[in-house]
Amino acid sequence: QVQLVESGGGLVQAGGSLRLSCAASIPPFAGYNMAWFRQAPGKDREFVGLIRPSANTDYADSVKGRFTISRDSTKKTVYLQMSSLKVEDTAVYYCAAKVGSTALRDPKDYRFWGQGTQVTVSS
């Protein structure tokens with residue numbers, strides 16, 4: 001059974017940093033694209049970034065240069081390092097997993113999701 005568990009959310013001041021973790025029980029972890037999405041109140045869930053099995057990454061323009069995704073295959077964990085945080089980064093952040101190489105930015109195409117972790121950036 002696939003499970004994704006996020007952790008690391010919290011309250012941080014604008015300009016600060018935070019690291020989210022997503023522990024995955026996915027056999028085999030190495031074959032999955034691992035993505036981060038976020039959803040702010042009243043808004044649709046949006047793509048943040050992803051890391052492919054090859055370790056190649058892709059980011060939304062809004063976070064490029066500020067956020068970094070990495071994966072530790074031995075720990076089956078994906079990380080989202082967030083720096084230079086802005087108030088508009090406030091959202092619930094979700095980890096998601098899928099196989100395949102299409103529609104990687106579309107949340108509707110992801111089958112497996114974590115429960116989400118709240119990130120709040122204060123001004």
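Above: the structure in question.
Residues numbered from 1 in each chain as written. Predicted model: local features only at pLDDT ≥ 70, side-chain atom pairs only at ≥ 80, totals over all residues. Heavy atoms only, no water.

> Looking at this structure, I do not really get the state of the cysteines. What am I missing?
Joining two cysteines, a disulfide is a covalent bond between their sulfur atoms. Tallying each qualifying case throughout the model produces one disulfide. The disulfide bridge from Cys22 ends at Cys95, spanning 2.1 Å between sulfur atoms. The S-S bond linking Cys22 to Cys95 shows a torsion near -75 degrees; that makes this disulfide left-handed. On the criterion of sequence distance, the pair formed by Cys22 in strand β3 (residues 18-25) and Cys95 in strand β9 (residues 91-98) is long-range, its members being 73 residues apart. Each member of the pair, Cys22 as well as Cys95, is classed as buried. (Disulfide = S-S within 2.5 Å. Helix = DSSP H or I, 4+ residues; strand = E, 2+ residues; numbered from the N terminus. Buried < 20%, exposed > 50% of the residue type's maximum accessible area, 1.4 Å probe, protein only.)

> Sorry, what's going on with the sheet that holds strand β7 (residues 67-72) here?
Sheet strands pair via backbone hydrogen bonds, and the direction of the pair is either parallel or antiparallel. Pairing is antiparallel across the open sheet formed by four strands, whose spatial order is β1-β3-β8-β7. Looking at which strands have only one partner, the edges of the open sheet turn out to be β1 (3-7) and β7. Direction aside, the axes of adjacent strands within the sheet are offset by 15 degrees on average. One ladder, built from six bridges, connects β7 with strand β8 (residues 77-82); its direction is antiparallel. Paired with Asp72 across the bridge in β8 is Thr77. (Pairing = 2+ DSSP bridges. Axes fitted to C-alpha atoms, helices over the stretch in contact; angles between N-to-C directions.)

> How should I be thinking about unusual backbone geometry in this particular structure?
Glycine aside, negative phi is the norm for most residues, and most peptide bonds take the trans geometry. A positive phi is found at Lys76, a non-glycine position, where the angle reads about 50 degrees. With respect to the helices and strands, Lys76 occurs in the loop between β7 and β8. For Lys76, a relative accessible area of 32% translates into the label partly exposed. Positioned with a positive phi, Ser84 is a non-glycine residue whose angle comes to about 50 degrees. Mapped onto the elements of the fold, Ser84 is located in the loop between β8 and β9. Taking the relative accessible area as the measure of exposure, Ser84 reaches 40% and is therefore partly exposed.

> Just to check I follow, could you spell out the side chain of Thr117 for this structure?
Relative to the assigned elements, Thr117 resides in strand β11 (residues 117-122). Residue contacts for Thr117: discarding those within four places in its chain leaves Glu6, Ser7, Gly8, Gly9, Leu20, Ala91, Val92 and Tyr93. (Contact = heavy atoms within 4.5 Å.)

> What exactly am I supposed to notice about the pairing of strand β5 (residues 46-51) here?
On a regular strand, each side chain points to the face opposite its neighbour's, so the side chains alternate between the two faces of the sheet. Of all six residues in β5, five are buried, a share of seventy percent or more. Pairing between strand β4 (residues 33-39) and β5: five bridges, direction antiparallel. Looking at the pairing, Ala35 lines up with Leu50 of β5. In the sheet, β5 pairs with strand β6 (residues 57-59) via three bridges, with the strands oriented antiparallel. When the sheet's bridge partners are listed, Ile51 is paired in β6 with Thr57. Where β5 folds back on β6, the antiparallel hairpin that results is connected by five residues, among which Ala55 adopts a positive phi of roughly 80 degrees.

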